[in-house]
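Secondary and tertiary structure notes
Residues per chain, in single letters:
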Amino acid sequence: QVQLVESGGGLVQAGGSLRLSCAASGRTFSTNTMGWFRQAPGKEREFVAAISGGGGITAYADSVKGRFTISRDNAKNTVYLQMNSLKPEDTTVYYCAADARPRSIRREAGAYEYWGQGTQVTVSS
């Protein structure tokens, strides 16, 4: 059974940093895109960042570009999201996702088959 388990969320002041981790088990994703999304209550799940299987290609939402960095360690089957210069509007639940197929990066949530349970990030002003 495939599982994605996020960690690293929490409470931080505006301007601060957090590092989210997502550890996958049950299968390897070394050739598959992995990504991060976020979802506020009553809103659609929003693309944040994604990284190709080999780690050489990344994509970011305009709202986080220059502040967030996605990376992965395929030996650990883990993807990371380093979040710097956090803003109150970054407050929400963050989800890790993995594409079931080895293909180019997708920004649509529907393209990802596997999801973590989510981790809360709260940025105070």
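Refer to the structure printed above.
The text that follows walks through the structure, step by step, so that each part is easy to find.

Reading the values: the criteria
- Residues numbered from 1 in each chain as written.
- Predicted model: local features only at pLDDT ≥ 70, side-chain atom pairs only at ≥ 80, totals over all residues.
- Heavy atoms only, no water.
- Helix = DSSP H or I, 4+ residues; strand = E, 2+ residues; numbered from the N terminus.
- Rg over C-alpha atoms; globule rule 2.2 N^0.38 Å.
- Contact = heavy atoms within 4.5 Å.
- Areas by Shrake-Rupley, 256 points an atom, 1.4 Å probe, with all protein chains shown as cover.
- Lys, Arg positive; Asp, Glu negative; His and termini not counted.
- Charge placed at Lys NZ, Arg CZ, Asp CG, Glu CD.
- Core = buried A, V, L, I, M, F, W, Y, C linked by side-chain atoms within 4.5 Å.
- Buried < 20%, exposed > 50% of the residue type's maximum accessible area, 1.4 Å probe, protein only.
- Polar contact = N/O pair within 3.5 Å; in protein donor to acceptor, adjacent residues only side chain to side chain.
- Disulfide = S-S within 2.5 Å.
- Pairing = 2+ DSSP bridges.

Let's talk about the overall build of the chain
Helix and strand content of the chain: zero helices and eleven strands. Reading the helices (α) and strands (β) of the chain from amino to carboxyl end gives β-β-β-β-β-β-β-β-β-β-β. Its C-alpha radius of gyration of 13 Å places the chain within 12% of the 14 Å reference for a compact globule of 125 residues. For the chain, the proportion of contacts with a sequence separation of at least 24, taken over those separated by at least 6, is 59%. Total accessible area computed for the chain in this model is approximately 6100 Å², and 47% of it derives from carbon and sulfur atoms. Counting 14 positive and 10 negative side-chain charges, the chain places the averaged centre of each group 4 Å from the other.

Regarding the nonpolar core
With 34 residues, the main nonpolar core has Leu4, Met34, Trp36, Leu81, Met83 and Tyr94 as its most contacted residues. Of all the secondary-structure elements, those providing two or more residues to this core are strand 3 (18-25), strand 4 (34-39), strand 5 (46-51), strand 6 (58-60), strand 7 (68-73), strand 8 (78-83), strand 9 (92-98) and strand 11 (119-124). In terms of residues, this core owes the most to one element, strand 5, which gives five residues. Beyond its immediate sequence surroundings of up to four residues, Leu81 is in contact with Leu18, Arg19, Leu20, Trp36, Val48, Ala49, Phe68, Thr69, Ile70 and Tyr94.

Re unusual backbone geometry
Most peptide bonds take the trans form, and the phi angle of most residues other than glycine is negative. The residue Asn77 is not glycine, and still its phi comes out positive at about 55 degrees. Its location among the elements puts Asn77 in the loop between strand 7 and strand 8. Of note in the backbone geometry, Ser85 takes a positive phi value of approximately 50 degrees without being a glycine. Along the chain, the position of Ser85 falls in the loop between strand 8 and strand 9.

Considerations on the environment of Gln120
By secondary structure assignment, the location of Gln120 is in strand 11. Sequence spacing of Gln120 and Arg38 is 82 residues, and the spatial spacing of their C-alpha atoms is 9.4 Å. Excluding residues within four positions of it along the chain, Gln120 makes contact with Gly9, Gly10, Thr91, Thr92 and Val93. Here the side chain of Gln120 touches Thr92 through a polar contact of 3.5 Å, landing on its backbone oxygen.

Points about the state of the cysteines
Using the criterion set out here, one finds one disulfide in the structure. Paired through a disulfide, Cys22 and Cys96 show a sulfur-sulfur distance of 2.0 Å. Handedness here is read from the sign of the S-S torsion; for Cys22 and Cys96, about -75 degrees, the answer is left-handed. In this pair, Cys22 is assigned in strand 3 and Cys96 in strand 9, connecting sequence segments 74 residues apart. For the pair Cys22 and Cys96, one class covers both residues: buried.

Section: the pairing of strand 3
For strand 1 (residues 3-7) and strand 3, the ladder comprises five bridges, and the chain directions are antiparallel. Residue pairing for strand 3: Gln3 is matched across the bridge by Ser25. Two strands pair when backbone bridges link them, and strand 3 and strand 8 are joined in this way by six bridges, in the antiparallel orientation. Across the sheet, the residue bridging to Leu18 is Met83, located in strand 8.

Just distances and angles here, no functional claims.
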